[in-house]
Every structure is written in structure tokens, then in C-alpha cells.
Amino acid sequence: MFGLKPGDRVLAVAPHPDDETLGAGGAIARLTAAGISVHVLAVACLTQLRWGTPTDSRLRQGEFNAACDVLGVTGRRIAWSDVAPAGDLAGHVAELVRLIEDGPDLSLAALEPAALLIPAAGAVHQDHQVVHQAAYAAARPSGALRHWPRMVLGFHGPEDHAWSREDTRPTVWVDVTSTAAVKDKALECYARELRDGGHPRSLERIRAIDSATGAACGVERAEAFVAYRMAC
């Protein structure tokens, strides 16, 4: 997959715990099933009132760990939990770039990953926009000065498919038919973060998005990515 081989490492940067599964859960499960070591850095998590329901960062950590276990993720960390930067990513862009570049444990310097998964440009959520900008900057080519991944792919969240105002057409489609059930199980770990009915964030609509994406490439379910760099 993507020309990667067992033993290679992939770093996925998610704005919040759950975005890795919403946007790339099927692809992550395919990678780990193939012996690729996937690590997830979730940037921010806050204890707050969301959609009329209080969310607890400790519960989010448990959900995150459970979903990562289902997907077969090796390393996982929430960088900023209930601290000032978590509530103001736009005010801490330089820190975020440094975190992704050479932060402890889960960073480009620490892991030297072959591939980097990041939020795609044009996201609806402002935090996703900031994380895209920071991760894109962190992954810039820099010769022999430091490690930079040979592949950088952007993933969309379900809301982006419905509401994004920027046309960031995907250029890479990943058949996730074989891992769709794994993605669904990981999504269930985030049941409190999903919505009901026709909302794009409902399990029903997420499956429909993957099915529609699959129809574009002749498979049952797929995830689409924007290729920012593909040096295979």
C-alpha cells in the first residue's frame, strides 16, 4: 500500500482524538494489517460542553486509546489536553509546527516516518485548518538537515464532504472494503462524539460517504486523500 513495506512507519496527525478514525480509519487499519507501524498524534482535547453534552478529556483519552487499539495503532498521544494551547491552536502555530517537527515520541524527528497523514486543506473546522497549515509546514523538504516524509496525504472529515467551501479534490483513493468493519468498530468507540440522523457525523452518513467514494473507483467502500507529496 503506497509502496510501503512491513516495518515502515506512518505518522497521522489528527486535530482531535477521533479525527484519525473519521478521516482515515479504513486506510490506517489496512496499513497496520499489512505490517506498517502507524502512530497517531492527536493535537488537542478539552473538557467542555459540546452539543449540549459535557465532554471529559479523561473519557476522550479512553475513547482514543480504544479506537487506536481497534485500528492496530502502535503509538498514540494527545499532545495538549486541558491546557491553554488546546483552546487556541491559531495562537500557537509556531509551537505546533515544532511539536510535529521534533516533539517527543511522536514527531517527524522521533519516528522518521515514510508517510505523513494530515487534515486536508479547506476543512470546515478552524482547528483542522490550523493543524493542516502546521503539519504542511513541518513536512517541508529540507535536504539532509532533518527527516521529511516522502509521502504526505491529506484526509477529509465527514463535515468537509458536506460543507467545505474550498475545492480540494482528492487524487488518491484507498479501497477500505476489507477494513470497513474495523473502521466501524473504531467509530463506535467514539459513540458520544457521533451525531444522529442525517448529520454528516452520523455513523450512517459516514458509511454512505465511504460507499459513494468507493463508487468512484469501483469498490464497495473507499477513503479519498489529497496527495501533497508522493515520492514512491
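Residues numbered from 1 in each chain as written. Predicted model: local features only at pLDDT ≥ 70, side-chain atom pairs only at ≥ 80, totals over all residues. Heavy atoms only, no water.

S.K.: Is there a simple way to explain the overall build of the protein chain in this structure?
M.R.: Summing up its helical and strand segments, the protein chain has eight helices and nine strands in all. Relative to the compact-globule value of 17 Å for 232 residues, the protein chain shows a C-alpha radius of gyration of 16 Å, a close match. C-alpha extents for the protein chain along the principal axes are approximately 50 × 45 × 35 Å. Buried positions account for 53% of the 232 residues belonging to the protein chain. Put simply, of all contacts in the protein chain between residues at least 6 apart along the chain, 77% involve residues at least 24 apart. (Helix = DSSP H or I, 4+ residues; strand = E, 2+ residues; numbered from the N terminus. Rg over C-alpha atoms; globule rule 2.2 N^0.38 Å. Buried < 20%, exposed > 50% of the residue type's maximum accessible area, 1.4 Å probe, protein only. Contact = heavy atoms within 4.5 Å.)

S.K.: Would you take a moment to explain the nonpolar core for this structure?
M.R.: Across soluble globular proteins, nonpolar side chains have a tendency to be buried as a group. Grouped together as the largest cluster of nonpolar side chains are 32 residues, with contacts concentrated most on Phe2, Leu4, Val10, Ile28, Leu117 and Phe225. Within the residue set of this core, elements represented by two or more residues are β1 (9-14), α1 (19-33), β2 (37-45), α2 (57-71), β6 (115-119), β7 (151-155) and β8 (172-175). When sequence neighbours within four positions are dropped, the list of residues in contact with Ile28 reads Ala12, Glu20, Val38, Leu71, Val73 and Leu117. In terms of nonpolar packing, the next biggest core, distinct from the first, is built from 25 residues, Leu96, Leu99, Leu111 and Leu116 among them. (Core = buried A, V, L, I, M, F, W, Y, C linked by side-chain atoms within 4.5 Å.)

S.K.: Explain the sheet that holds strand β9 (residues 222-230) to me, please; I cannot follow it from the model alone.
M.R.: Strand order in the open sheet formed by seven strands is β5-β2-β1-β6-β7-β9-β8, and the pairing between neighbours is mixed. Both outer strands of the open sheet, β5 (75-81) and β8, are each paired with one neighbouring strand and no more. In this sheet, adjacent strand axes meet at a mean angle of 25° when their direction is disregarded. As judged from the five bridges shared by β6 and β7, these two strands associate in the parallel manner. Note on β7: the bridge partner recorded for Leu117 is Leu153. (Pairing = 2+ DSSP bridges. Axes fitted to C-alpha atoms, helices over the stretch in contact; angles between N-to-C directions.)

S.K.: What's the story with the environment of Ala180 in this structure? I'm lost.
M.R.: Here Ala180 lies in helix α7 (residues 180-188). Judged by relative accessible area, Ala180 falls into the buried class, the value being 8%. Between the alpha carbons of Ala180 and Ala121 there is a distance of 25 Å; along the sequence they are 59 residues apart.

Remember that the coordinates give geometry; whether it matters functionally is a separate question.
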